[in-house]
Amino acid sequence: MSGATTSLGRLFLPGATVVHRLPPQCKLVATVAFVLAVVSTPREQVWAFGLYAMLLAAVAATARVPAGVIARRMAIELPFVTFALLMPFVAHGERVTVAGVGLSVSGLWGAWNILVKGTLGVVASILLAATTEARTLLLGVERLRLPSLLTQIATFMLRYTDVIVDELRRMKVARAARGFEARDIRQVGVLARSLAALFLRSYERGERVHLAMVSRGYDGRMPVLHGDARASGAQWATAAALPAAAALVAATAWMVQWTHL
Amino acid sequence: MHVPDGFIDAPVSLGTGVIAAAGIAVCLRGAHRELDDRTAPLAGLTAAFVFAAQMLNFPVAVGTSGHLLGGALAAILVGPYTGVLCVSVVLLVQALLFADGGLTALGVNITVMGLVTVLAGYGLFRLLIRVLPRTRAAVSAASFVAALVSVPTAALAFTGVYALGGTTDVPLGTVAGAMIGVHLLIGLGEAIITMVTVSSVLAVRPDLVYAARGRVRELELKNTPVRPSAAGV
């Protein structure tokens, strides 16, 4: 992928750490299991989330992913931060007064719940994408027995996103060169017609790609170039460290929760 | 707006995951039946198109902007099965690579934004087109209504998921009101863009609008025979 121009190419931070070298399927399973443990932890056990954050920090340190990179990519969750901040004002139930403003207690818990679990999930995904190349990640998805047609579609999408986004950018330059500026809703027609042109270019490119593939012997299946790279038991064990620790934290949190009820 | 981790509790997340997986399995079979070995490149390129189209922000009101969801648009252009696949793949890639939408919430996101928008949008489109006259204007109008309805329907579906497994106790009426209110506005933007896009594609390549096949006249090559004219002109 010649992704120097779009954000796709910059997601992966090359490296040779333990985390980078793990097979993608192991990392995928580990990440999903970790997030599941986080999501199922009772929100009242605040300490547990501190431990989760420390676990992720340890992974980031091992993989040598700079904190600045993670912080910058976390901007993706901003819409939900806004939503969470509104929650104490609109939720029902018992209310407390903070600085003269009545806030709902359960709303505060709800906001905390979304913020902390959402943030941990976002950071876990950022670490996954920063240590695994996009193509390899899809290979991992395929090795986890997802339908190969689905991963083929995803691979094509990844491969051509840069091309399509560049076309979109050229159209934008062309519009700007003709004095176009999207000021309000009335200009939506111009954008939509650009979109129609973009669809035609994308679809026709797809037709050409298909013909080019057929002429090279494509019969609906992609040739397997990577062999059957099975992960070894040791690799699975290494990858399991994170979710195992998280599961321990979650189990302890539930135990504390039950004994305090 | 992608649902993050922790917004919906674990059992409902897993349940919607099962629904999403079943829906995708049906669509994989359907798309393969329609496109055969062209499925991967065509659906892949259309997914890239949906992904790029979502980058196009349009101003909604003062200071806020919205972007396309693309479910109804994709379904009308490439068919419902392929449409679901395209939107789902976009959501998968966004969750895996951009941390946009939680990994455990992927089932919720695919069910709400992939399955529901396409089912609602495409279903309504087919219904409308059956009763409307066979003209380009009718197809455009149908795509307008389909896209307009698909977005608040998705918001409604999300409210349903939230009622089952929401982790906060914001009253359901408030959630439903806010979600549907905001998404009516977003749906209007979606509807205008979908309508103009579909009608522009219809004008150039009517054969590429899946949902309108056989409903509009194919373009034909018109050439006026040149009359052998008198010499010297």
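Throughout this description, residue numbers start from 1 for each chain and increase along the sequence as written. Chains carry letters and ligands carry numbers; both start at the beginning, A for chains and 1 for ligands, and go up in the order they are written. It should be noted that, the model being predicted, local features are given only for residues of pLDDT at least 70 and side-chain atom pairs only at 80 or more, the latter also being counted only at that level, while totals for whole chains, interfaces and linings use all residues.

As recorded in an unreviewed UniProt entry, chain A goes by Cobalt ECF transporter T component CbiQ and comes from Actinomadura alba. Quoted verbatim from the Subcellular location (unreviewed entry) field of the UniProt record, the comment on chain A reads "Cell membrane". UniProt positions are given in the numbering used here, feature names are shortened, and annotations may be inferred rather than shown by experiment.

Overview of the overall build of chain B
Secondary structure assignment for chain B yields seven helices and two strands. Counting from the N terminus, the helices are DSSP H or I runs at least four residues long and the strands are E runs at least two residues long. Shown N-terminal to C-terminal, the secondary structure of chain B runs as helices and strands in the order α-α-β-β-α-α-α-α-α. Expressed as lengths along the three principal axes of its C-alpha atoms, the size of chain B is roughly 85 × 40 × 35 Å. The buried share of chain B, taken over its 233 residues, is 56%. With C-beta atoms placed from the backbone, a contact is any residue pair whose C-beta atoms sit within 7 Å. Put simply, 73% of the contacts in chain B that link residues at least 6 apart link residues at least 24 apart. Any residue with 12 or fewer other C-beta atoms within 10 Å of its own C-beta is exposed, any with 20 or more is buried, and the rest are partly exposed; the C-beta atoms used are placed from the backbone.

Describing the environment of glycine 189 of chain B
Positionally, glycine 189 of chain B belongs in helix 7 (residues 172-204). For the pair glycine 189 of chain B and alanine 147 of chain B, spaced 42 residues apart in the sequence, the C-alpha separation amounts to 9.1 Å.

With respect to unusual backbone geometry
Residues and elements named next belong to chain A. Phi is positive for arginine 64, close to 55°, though the residue is something other than glycine. Examined against the element boundaries, arginine 64 turns out to sit in the loop between helix 3 (46-63) and helix 4 (67-73). Within the chain, arginine 145 stands out as a residue other than glycine whose phi angle is a positive 70°. Mapped onto the fold, arginine 145 is located in the loop between helix 7 (134-143) and helix 8 (148-177).

Some thoughts on the UniProt feature "transmembrane region" (unreviewed entry) in chain A
Those places that UniProt annotates as "transmembrane region" (unreviewed entry) correspond, in this numbering, to residues 45-63, 75-91, 111-130 and 236-256 of chain A. The distance separating the terminal C-alpha atoms of residues 111-130 of chain A is 28 Å; by composition the span is 100% helix and 0% strand.

A closer look at helix 2 (residues 39-53) of chain B
To estimate the expected span of a helix, count its residues, drop one, and scale the result by 1.5 Å. Taking 1.5 Å of rise per residue, the 15 residues of helix 2 of chain B would be expected to cover 21 Å, and the 20 Å separating its terminal C-alpha atoms lies within 8% of that figure. When you tally the buried positions in helix 2 of chain B, you get 15 out of 15 residues, the bulk of the element.

A look at the interface of chain A and chain B
It is common to report an interface's size as the accessible area lost on association of the parts. Taken together, the contacts link 70 residues of chain A with 60 residues of chain B. Those elements that provide at least two residues to the side of chain A that touches chain B are helix 2 (24-39), helix 5 (78-90), helix 6 (105-131), helix 7, helix 8 and helix 9 (188-214) of chain A. No other element matches helix 9 of chain A, which puts 17 residues into the side of chain A that touches chain B. The residue inventory of the side of chain A that touches chain B, partitioned by class, reads 44 nonpolar, 19 polar and seven charged. Under the scheme applied here, ten amino acids are nonpolar (Ala, Val, Leu, Ile, Met, Phe, Trp, Tyr, Cys and Pro), four are charged (Asp, Glu, Lys and Arg), and all others, including Gly, are polar.

Observations regarding the environment of proline 171 of chain B
Position of proline 171 of chain B among the secondary structure elements: in the loop between helix 6 (136-165) and helix 7. Distance from proline 171 of chain B to asparagine 109 of chain B, taken between C-alpha atoms, is 22 Å for residues 62 residues apart in sequence.

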